[in-house]
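Below are the chains, spelled out letter by letter.
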Amino acid sequence: MLPSGRPAVRRISGRTPLAYTTCAAALLLATSCGLLDDDTRQGPALTAPAGVTAQAGSATSVHVMWSRPEGEAEVKGYTVYRGATKVKEVPGEQHMVDVVGLHPRSAYTFSVRAEDTDGTLGPLSPKVAVTTPAAVAEDRSAPTRPGALRGRADGDRAASLSWGASKDDKGVVSYDIHQGASKIHSVGGNETRALITGLRPGTTYSFTVKARDAADNTSPASPALRLTTEKGSDEGPGTAPTDFRATSRRTDGAYYIDLSWTPPRTGGTVPAYRICLDGRQATTLVWGDAPPKGTARNSFYVGKEAGVRHRVRIRAQLPDGTWGAYSAERSVTTGS
């Protein structure tokens, strides 16, 4: 909750973000906005997998990705569901899977749950929606090789990649990013960049990209790109929201802070943001439907007293469920 005790809920450009706090509101408000601000949070031994995403890979397949649950519980394996139907079981070290045999031009929802070494199932993750593209006439022609792959280390645990678009007579549906021989990420066919997270500090990686069409034809791999992540514990600046602005306004005798920002370009969906007010985590902003890809906005109540100075900054949840770097901090005074 914010200082008023009200949740920060506001319709944004026709979308309704859902702001929430834990039941231990006092604990949340006493927690700093540091990297480890969730460590004191109480909860079940095994929580829901984080950062679940689903990307159509072709007219009949979907690539589902997720991150391990928060907490110290050891994960034995994961179960992937299509709607209420169990479709895949994978070992605990695997955090992605291709679900095949789907129908073209069809809407699906996917969710994931973890199982610990005692066989106890954790809670189901939120469902994510995806629609497969239409089938195409018989197509045996693969997309062209993606253009030159470029990239840079983004801090010590992330890498920003970009490449030239492939061409295909029926259209490119997705791009698959490989680390060595292993597929590690997938983005839509209209994307030519991706943010790869969850890497190790001071480690050299080799990445390639392949294009895929609706008939599951796959292009040759792009030339490999080798890069080394930075040493230390620096969050990459590319994971932070940019153009962050904060202003104060008075409405019906109360003061509100209006925020606007540009989401970080991750190659995937940014499902949530944490808002920090005066050095403390105030609330988490979650969109109930498709998050905005352009400028995002939010407004929240901060009280009725004029002349109060506040500091505010935000951070984004990345597609893999981890939290990115903070935006620049802005100061705003009510009534100014």
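See above for the structure.
Residues numbered from 1 in each chain as written. Predicted model: local features only at pLDDT ≥ 70, side-chain atom pairs only at ≥ 80, totals over all residues. Heavy atoms only, no water.

A. Inspection of the overall build of the chain at higher detail. Along its length, the chain carries one helix and 23 strands. Partitioning the intrachain contacts of the chain with sequence separation of at least 6 by distance along the chain shows that 66% fall at a separation of at least 24. Element-wise, carbon and sulfur atoms account for 48% of the exposed surface of the chain, whose accessible area totals about 16200 Å². (Helix = DSSP H or I, 4+ residues; strand = E, 2+ residues; numbered from the N terminus. Contact = heavy atoms within 4.5 Å. Areas by Shrake-Rupley, 256 points an atom, 1.4 Å probe, with all protein chains shown as cover.)

B. Summary view of the sheet that holds strand E3 (residues 61-67). Sheet architecture is open: three strands sit in the order E2-E3-E6, paired in antiparallel fashion. With partners counted over all chains shown, the strands left at the sheet margins are strand E2 (50-58) and strand E6 (96-99), one partner each. Strand-to-strand twist in this sheet, taken as the mean axis angle between neighbours without regard to direction, amounts to 20°. Looking at chain direction, E2 and E3 are connected through six bridges and run antiparallel. (Pairing = 2+ DSSP bridges. Axes fitted to C-alpha atoms, helices over the stretch in contact; angles between N-to-C directions.)

C. Inspection of the pattern of salt bridges at higher detail. Counted by the stated rule, this structure contains nine salt bridges. Asp98 is paired through a salt bridge with Lys183; the nearest N and O atoms lie 3.2 Å apart. Taken as a pair, Asp98 in strand E6 and Lys183 in strand E12 (residues 182-188) lie far apart in primary sequence, 85 residues in all. Judged by its relative accessible area of 19%, Lys183 falls in the buried class. A salt bridge links Arg311 to Glu329; the shortest N-O distance between them is 3.3 Å. Of the two residues, Arg311 sits in strand E21 (residues 309-317) while Glu329 sits in the loop between strand E22 (323-326) and strand E23 (330-333), which places them 18 residues apart along the sequence. For Arg311, a relative accessible area of 29% translates into the label partly exposed. One network of salt bridges, with partners in common, ties together Asp98, Asp176, Lys183, Arg212 and Asp216. (Salt bridge = Lys/Arg side-chain N within 4 Å of Asp/Glu carboxyl O. Buried < 20%, exposed > 50% of the residue type's maximum accessible area, 1.4 Å probe, protein only.)

D. Broad picture of the pairing of E21. In this structure, strand E18 (residues 272-277) lies alongside E21, joined through five bridges in antiparallel fashion. Within E21, the residue paired with Arg274 across the bridge is Arg315. Here E21 runs beside E23; their pairing, made up of four bridges, is antiparallel. Residue pairing for E23: Val312 is matched across the bridge by Arg330. Bridge analysis of E21 against E22 gives two bridges, and the strand direction is antiparallel. Of the residues in E22, the one forming a bridge with Arg315 is Tyr326.

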